[in-house]
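Architecture at a glance
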Amino acid sequence: MVVFGAPAAAAARAADAPSVDATSDDASTPELAPAAVGPTVAADAQRLDEVTISGSHNTYEKRGAHEANASSRYQNSRDNVFEYHFDALNDVQMIELDVFPMPDYSRSRTAWYVKHDFPLPGSVNDNNCPEAGRIGNGRDQDLRSCLEGLAGWHQRNPDHPLAVIKIEAKTGFWLGGSPAALDDLIANLSGGEGRTRIARDLIFTPRDLMGCERNQPSVCRYPTPDAAAKAGAWPTMGQLRGRFLFTIVPGEASSKGGPVADALHAAIGIPVTAATLRATDGVRQYASALRRGAAHLLFPTPLLTGATAGRDPRSDVFDTPEDVPYAVSFDMELGYLTGGQIPAAVATWLQANHFLRFTTFAKPAPTCTAGTAGDPCRRLWTARQADPARACRDAATRAVDLEAGSLAVRSVVRAYGTNAVTTDQERQGLSFVGQYGGGSPPTSLGAVVLGGAGAITWAGNRHDVFVRGTDGQLWQNFLDPGACRGWSGWLPLGGATITSDVSVVSWGAQSLHLFARSPARTLLHRWWDANGWSAWEDLGGSVVGSPSAAAWSPGRLDVVARDNQDRLTHRWWDGSRWAPWEVLGPQITTDPTIASMRPGRLDIFSRSTGGRLVQVTFDGTWRAPVDLLGGLASRPAVSVPGAGRMDVFVLGTDGRLWQRRYAEDTSRNDDGWSPWTVLGTATGPDISAAAWGSDRSYVYFRGNDGAVWQMWVPA
């Protein structure tokens, strides 16, 4: 019986179907091999200054607030705001709150307004923070309730990844409050607030970076945050689980002046001078208090709007040189980086000193135009001009040009090593990093299947996916590049029963070759050409698990498989005949995956008996296996987005999907491999991948519901 339809319904109807092929050697759950390094522990093992997280800009904006203004930057992005501010932390790891500390004469205390515009007399809060932080209470509360909401979110998610809370002090502490009062508001350090909202132990602070003793804050391993950062003393992401990090950034008045200063002048009714603007800079005030021991919790984070190569940018921010070493994190708007106001040499200097670099990309994604030569957006525009189907698909699936925005953000992250990117499109897949690596969240293709999927892009942007249905037969789903019709739906191809996943390759526009295992554990081959589909042919051998195939040129096919002695074996078609099976030597514990990124080159990936990811390469001769680090719980998946390039995907023993890129470049001194990047949570070991053009790879996996799921990530 084959079951198709919506994932939930399909899962319910197929509840009595086996989740794996009962005749398969892989019917038991794979052993999860431990690993000391690599993708299994990369997220937790990497230091905070070594990772990139995604963030939300103006997170306090209420759902639907943008609809009141037709010219609002939010008008095309209905989903970019949240019911409650803490909801954003389910999508990103950094949120932003705009804060105005003002006197509250009616209650003899500071009013900590959270809103975008200056609070004129009689104005109220304007945000999505519920009263006392409780779901269901009225919103439009001050910073106290916003913090209580974060505390409640932590209680519901105690093992959450590090949550970075960016406080934009719009007017600093010029009109009310103080650095110490802000500390009290958060953690009640002096008892002045009467209650603790977020416990001190849950917050990673500058003095924690310095290695100071909790009970003796003057006893520290490093004299300043600057010395600690330069020594690489940042904790790992694993050590920061379940904790918060607060930053304070300057408001627009102190950092930009101009029209913002004029608006502030109109609001408060007194002239705003340059000296006044500097007085509104809460970063300077907090850094000074931090140095003097009058503040403890937040990282002062200057906004860089310009810098000079060869000069410490902090010297242009702080009036007191002694305050400089207390700023080790920086906020930079994307436009200042791409526009050259912040030279690349300065960004490199920040990275070399292990300072934190945060980038804001607040505006909607740009629309790609012809642009200038070398511009990634121009390349996307050119591809769309050459492929109307792609242009149609992109326009139909995006209200704003998220793909163009993603290119812009990725370019900045790669060029400047940004540690966080905050956007207004945090729920629309724009962020470069985040849970799914800047691509798309998973979507279901609606079939309940046995094992994984075989996928391929060919003939331009034609995309085909092949699976083994619950009836043991071959099924196909394809994306028609003709007129944006979307996926074809699952089509039965009939033929012999197969007992493995399907591997598919193409050596030309009118060529598809499929490989699978027969019930007798021999290799099966089927192809499609201008004459239609062939029948399955039996190529013999002794195949355990699922085979994998590659085609480096027309007339050449290479197939690898695991034999009944768990050895890596290989067979190829040279254009006129099939060569006999050859044993390549190493024993493996997962089915192998083969890819070819150029003629004459083959790369095979599998898991060794030690639980490690290994690579075997043919480039005229077979090379010795190479250990690529890390434990894995799945067969590797590989896509080839261009000549000399590969993307490798594995399911780590932590249950998450990981990606590593390879670029062949003889001019480089490294081995061509990028570090491991976590993409999100996959739900089964049956993963596969296929490149779609040069800028994205599609990853397929079988979900807990037994259906095929698809997501794309930047290549």
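Each remark here, short or long, concerns the structure printed above.
Residues numbered from 1 in each chain as written. Predicted model: local features only at pLDDT ≥ 70, side-chain atom pairs only at ≥ 80, totals over all residues. Heavy atoms only, no water.

1. Concerning the overall build of the protein chain
Test applied: Secondary structure elements follow DSSP: runs of H or I of four or more residues count as helices, runs of E of two or more count as strands, with numbering from the N terminus. Accessible area is worked out with a 1.4 Å probe on protein chains only. A residue is then buried under 20% of its type maximum, exposed over 50%, and partly exposed in between. Only heavy atoms enter the contact rule, under which two residues are in contact if any of them lie within 4.5 Å. Note on areas: Shrake-Rupley, 1.4 Å probe, and residue coverage restricted to the protein chains presented here.
If you tally the helices and strands in the protein chain, you get 15 helices and 35 strands. For the protein chain, the proportion of its 715 residues judged to be buried stands at 56%. The long-range share in the protein chain, meaning contacts at least 24 apart out of those at least 6 apart in sequence, stands at 59%. Roughly 27800 Å² of accessible area belongs to the protein chain as shown, and the carbon and sulfur atoms make up 51% of that amount.

2. Things to note about the state of the cysteines
As a reminder of what qualifies: The disulfide definition used here is simple: a pair of cysteine sulfur atoms within 2.5 Å.
Applying the stated criterion across every chain, the model contains 2 disulfides. The side chain of Cys129 participates in a disulfide bridge whose partner is Cys146; the two sulfur atoms lie 2.0 Å from each other. Between Cys129 and Cys146, the S-S dihedral sits near 100°, and the bridge is therefore right-handed. With Cys129 in the loop between strand S4 (109-114) and helix H3 (143-156) and Cys146 in helix H3, this pair connects stretches of sequence that are 17 residues apart. Cys146 matches Cys129 in its accessibility class, with the two residues each being buried.

3. Brief notes about the packing of aromatic side chains
The condition that has to hold: Stacked, edge-to-face and tilted are the three classes for Phe, Tyr and Trp ring pairs, Trp counted by its six-membered ring, which pair at centre distances within 6.5 Å; planes under 30 degrees apart are stacked, over 60 edge-to-face, the rest tilted.
Enumeration over the complete set of coordinates arrives at 16 aromatic pairs. Seen from their ring centres, Trp349 and Phe355 are 5.6 Å apart, and the 70° between their planes marks the pair as edge-to-face. Judged by relative accessible area, Trp349 falls into the partly exposed class, the value being 29%. Residue class for Phe355 comes out buried when judged on its relative accessible area of 0%. Summarising the aromatic geometry, the rings of Trp552 and Phe618 are spaced 6.3 Å apart at their centres and angled 10° between planes, so their arrangement reads as stacked. With Trp552 in the loop between strand S21 (544-550) and strand S22 (557-562) and Phe618 in strand S27 (residues 612-618), this residue pair connects regions lying 66 residues apart in the sequence.

4. Here we look at the pairing of strand S9 (residues 329-333)
A regular strand places its side chains so that they alternate between the two faces of the sheet. Note the cut-off: Two strands make a pair as long as DSSP finds a minimum of two bridges between them.
In terms of burial, S9 is a largely internal element, 4 of the 5 residues being buried. Relative to S9, strand S8 (residues 303-304) runs parallel, the two sharing 2 bridges. What sits directly across from Leu303, in S9, is Asp331.

5. Some remarks on the sheet that holds strand S23 (residues 567-573)
Where strands meet in a sheet, backbone hydrogen bonds hold them as pairs that are either parallel or antiparallel. As a reminder of what qualifies: To obtain an axis, a line is fitted to C-alpha atoms, over the contacting stretch when the element is a helix, and the angle between two such axes runs from 0 to 180 degrees between their N-to-C directions.
Spatial strand order, S21-S22-S23-S24: 4 strands in an open sheet with antiparallel pairing. Whereas interior strands pair on both sides, the edge strands pair on one side only; in this sheet they are S21 and strand S24 (582-587). With strand direction ignored, the average angle separating the axes of adjacent strands in the sheet is 25°. As paired strands, S23 and S24 are joined by 3 bridges and run antiparallel to one another. Pairing of Thr569 across the sheet is with Val583, part of S24.

6. Overview of H3
Every α-helical turn comprises 3.6 residues, leaving residues that sit three or four positions apart pointing alike. To keep it simple, the criterion reads: The span one expects for a helix is its residue count, reduced by one, times 1.5 Å.
Counted at 1.5 Å a residue, the expected span for H3 with its 14 residues is 20 Å, and the 20 Å between its end C-alpha atoms agrees. Burial of H3 is extensive: 12 of the 14 residues sit out of reach of the surface. The set of residues buried in H3 consists of Leu143, Arg144, Ser145, Cys146, Leu147, Glu148, Gly149, Leu150, Ala151, Gly152, Trp153 and His154. Those residues of H3 hidden inside the fold are in contact with strand S3 (94-104), S4, strand S5 (163-169), helix H4 (179-187) and strand S6 (244-250).

7. Concerning H4
Burial analysis of H4 places 7 of its 9 residues in the buried class, which makes it a mostly covered element. Among the residues making up H4, those that are buried are Pro179, Leu182, Asp183, Asp184, Leu185, Ile186 and Ala187. A positive phi of about 55° marks Asn188, the residue just after H4.

8. As for the pattern of salt bridges
Any two side chains of opposite charge can pair, so long as their charged atoms come close to each other. Here is the rule we go by: The salt bridge criterion pairs a side-chain nitrogen of Lys or Arg with a carboxyl oxygen of Asp or Glu, the two atoms within 4 Å.
In total, this model carries 33 salt bridges according to the counting rule given. Close ionic contact of Asp208 with Arg243 constitutes a salt bridge, the shortest N to O distance being 3.5 Å. Of this pair, Asp208 sits in helix H5 (residues 206-209) while Arg243 sits in the loop between helix H6 (225-230) and S6, and the two are 35 residues apart along the sequence. Sharing partners across several salt bridges, the network here consists of Arg598, Arg601, Asp603, Asp619, Arg623 and Glu664.

9. Observations regarding the side chain of Gln476
Relative to the elements of secondary structure, Gln476 occurs in strand S14 (residues 474-479). Judged by relative accessible area, which is 7%, Gln476 ranks as buried. When neighbours within four sequence positions are excluded, Gln476 is seen to be in contact with Arg462, Asp464, Val465, Phe466, Gly489, Trp490, Leu491, Leu493 and Trp533.

10. Focus: unusual backbone geometry
Unusually for a residue other than glycine, Ala132 sits at a positive phi of about 60°. Structurally, the position occupied by Ala132 is in the loop between S4 and H3. The exposure class assigned to Ala132 is partly exposed, which follows from its relative accessible area of 31%. The residue Asp566 is not glycine, and still its phi comes out positive at about 60°.

11. Topic: the packing of H3 against H4
The test is simple: Note on angle classes: values under 35 degrees are labelled roughly parallel, values over 145 roughly antiparallel, values of 65 to 115 roughly perpendicular, and the remainder oblique. Basically, the charged four are Asp, Glu, Lys and Arg, the nonpolar ten are Ala, Val, Leu, Ile, Met, Phe, Trp, Tyr, Cys and Pro, and anything else, Gly included, counts as polar.
Interhelical geometry of H3 versus H4 gives an angle of 45° and a closest axis separation of 9 Å. On the basis of their axis angle, the class for H3 and H4 is oblique. Listed contacts from H4 to Leu143, Arg144 and Leu147 of H3 are Leu182, Leu185 and Ile186. Considered class by class, the residues forming the contact of H3 with H4 number 5 nonpolar, no polar and 1 charged.

12. Details of the environment of Pro119
Tracing the sequence through the fold places Pro119 in the loop between S4 and H3. Remark: the alpha-carbon pair of Pro119 and Pro101, spanning 18 residues in sequence, is separated by 9.8 Å. Among all residues touching Pro119, those that are not within four sequence positions of it are Phe100, Met102 and Tyr113.

13. Topic: the pairing of S23
As paired elements, S22 and S23 share 6 bridges and run antiparallel to each other. Looking across to S23, one finds that Val560 is bridged to His570. Here S22 folds back onto S23 in antiparallel fashion, the turn holding 4 residues, of which Asp566 has a positive phi close to 60°.

14. Re the environment of Glu131
Along the chain, Glu131 falls in the loop between S4 and H3. Each C-alpha atom, one on Glu131 and one on Glu148, is 8.6 Å from the other, the two residues being 17 residues apart in sequence. If sequence neighbours within four positions are ignored, Glu131 has contacts with Asn137, Gly138, Gln141 and Ser145.

15. Focus on the environment of Phe361
Its location among the elements puts Phe361 in strand S10 (residues 356-361). The exposure class assigned to Phe361 is buried, which follows from its relative accessible area of 9%. Separated by 29 residues in sequence, Phe361 and Met332 place their C-alpha atoms 9.2 Å apart.

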